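# Chain and residue survey
Listed below are the residues making up each chain.
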Amino acid sequence: MKKRLVSGKNKCELISLDRLKTVPYEKIRSAGAVGFAFPVYGADMPLIVSRLLERMDPTAGGFRDKPAFVLTTAGYADAYGPFEAGKTMRKHGFRLVAYVNVRVSINISLPGGKAAFPSAAVMKRRLERGEKALDRLAGKLTEGKRHITNAGPNLLPGAMIRKATKKRQEEQYQALSVDSTRCIRCMSCVRDCPTESIIFKDGDFTFMPSCTACFRCYNFCPAFAVLINGRYAAPEGYERYQGPESLK
């Protein structure tokens, strides 16, 4: 997306939310528009995004009605959509000018929620469609035109899904643990956690309430030692999603 905007003679800066300590108010004030890109979790934005927005104070930050665009990904249908995104943006001092969803893959398969990932061929087709969607989005942003997509019937169950999954996401850290007999002490889970929510002390791992249920620790553990509700998910039965390039 950055390449597309820059090729249109715009200036664009990417800011990762991983371990972001302070709200970048100065960058928000100086930007012509602010973009938010994230995967849809339970018909909602991930906790790492919603918690950042909750920390924002438009008055203190010196911005109001700041144009914003939202780019989301989803494994199945996008039940979040532009209406919920627009409401959330308004609440935090932004005005939604564009919304695009790209279908990719669900990112988690675990005991109690086994999922099948798309094949590499299917993912390739989805990414090709996504590339075209990004081209259209970049063009509209460069022209200063509104571009709201995905306002279809798939949004109808969104409210019920959000209500059913929000608390589960907030309490997900309580379900995570590490199998000490499988763990190889590589510390990749501690090192790569985007919110520094995994602590290793005195030989034990502790998952903190700041966890945002991204499942990076589960998907990328080389020893498959991260447990869900104390249950081991054998890789033969539960694939780990590590991005489009990991699909077969």
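First, a word on what this report is: a plain description of the structure on this page. (Residues numbered from 1 in each chain as written. Predicted model: local features only at pLDDT ≥ 70, side-chain atom pairs only at ≥ 80, totals over all residues. Heavy atoms only, no water.)

### Observations regarding the side chain of lysine 66
The criterion, for reference: Only runs of H or I of at least four residues qualify as helices and only runs of E of at least two qualify as strands under DSSP, and these elements are numbered from the N terminus. Note on classification: 1.4 Å probe, protein chains only; a residue is buried when its accessible area is under 20% of the maximum for its type, exposed when over 50%, partly exposed between these limits. Counted as positive: Lys and Arg. Counted as negative: Asp and Glu, with His and the chain ends omitted from the count. A pair is scored as a salt bridge if a Lys or Arg side-chain nitrogen falls within 4 Å of a carboxyl oxygen belonging to Asp or Glu. Counting of polar contacts relies on pairs of N or O atoms within 3.5 Å, with two restrictions inside protein: one atom must be capable of donating a hydrogen and the other of accepting it, and residues adjacent in sequence are counted only when both atoms are side-chain atoms. The criterion used for residue contact is that any of the two residues' heavy atoms lie within 4.5 Å.
Positionally, lysine 66 belongs in strand E2 (residues 66–74). Despite its burial, lysine 66 pairs with no opposite charge, the nearest such side chain being aspartate 65 at 10 Å. Here the side chain of lysine 66 touches arginine 29 through a polar contact of 3.1 Å, landing on its backbone oxygen. If sequence neighbours within four positions are ignored, lysine 66 has contacts with Ile28, Arg29, Ala31, Gly32, Val34, Gly93, Phe94 and Arg95.

### Re the nonpolar core
Note the following rule: Here, nonpolar core refers to any group of buried Ala, Val, Leu, Ile, Met, Phe, Trp, Tyr and Cys residues whose side-chain atoms link them within 4.5 Å.
Of all hydrophobic cores here, the largest spans 23 residues; its most connected members are Leu176, Ile198, Phe205, Phe207, Phe215, Cys217 and Tyr218. Elements with a contribution of two residues or more to this core: strand E5 (176–178), strand E7 (204–207), helix H9 (216–220) and strand E8 (226–228). What tyrosine 218 contacts, discounting residues up to four positions off in sequence, is Ile108, Ser109, Leu110, Pro111, Val226, Ile228, Ala233, Tyr238 and Arg240. If you look at the next biggest cluster of nonpolar residues, it comprises 21 residues, including Ile28, Ala68, Phe94 and Leu96.

### Describing empty space enclosed by the protein
Rules: Definitions used throughout: a 1 Å grid over protein atoms alone; a cavity as a set of points that fits a 1.4 Å probe which cannot get out; a pocket as an open set with protein on both sides within 12 Å along at least five of seven lines; a lining residue as one with an atom within 4 Å of a point. Grid points are joined across faces, edges and corners, and a volume is the space filled by probe spheres set on the points. All residues other than Ala, Val, Leu, Ile, Met, Phe, Trp, Tyr, Cys, Pro, Asp, Glu, Lys and Arg, Gly among them, are scored as polar; the first ten of these are nonpolar and the last four charged.
In this structure the tally under the stated criterion is three cavities of 30 Å³ or more. A volume near 110 Å³ is recorded for the largest cavity. Residue lining of the largest cavity: 16 residues in total, with Cys183, Cys186, Cys189, Cys221 and Ala225 positioned closest to the centre. Put simply, the parts of the chain that give the lining of the largest cavity at least two residues each are helix H8 (188–192) and H9. Among the residues making up the lining of the largest cavity, the classes are represented as 14 nonpolar, one polar and one charged. By volume, the second largest cavity amounts to about 90 Å³. Around the second largest cavity sit 14 residues that line it, and Cys193, Ile198, Cys211, Cys214 and Cys217 are the ones nearest its centre. Here the lining of the second largest cavity is built from residues that sort into ten nonpolar, three polar and one charged.

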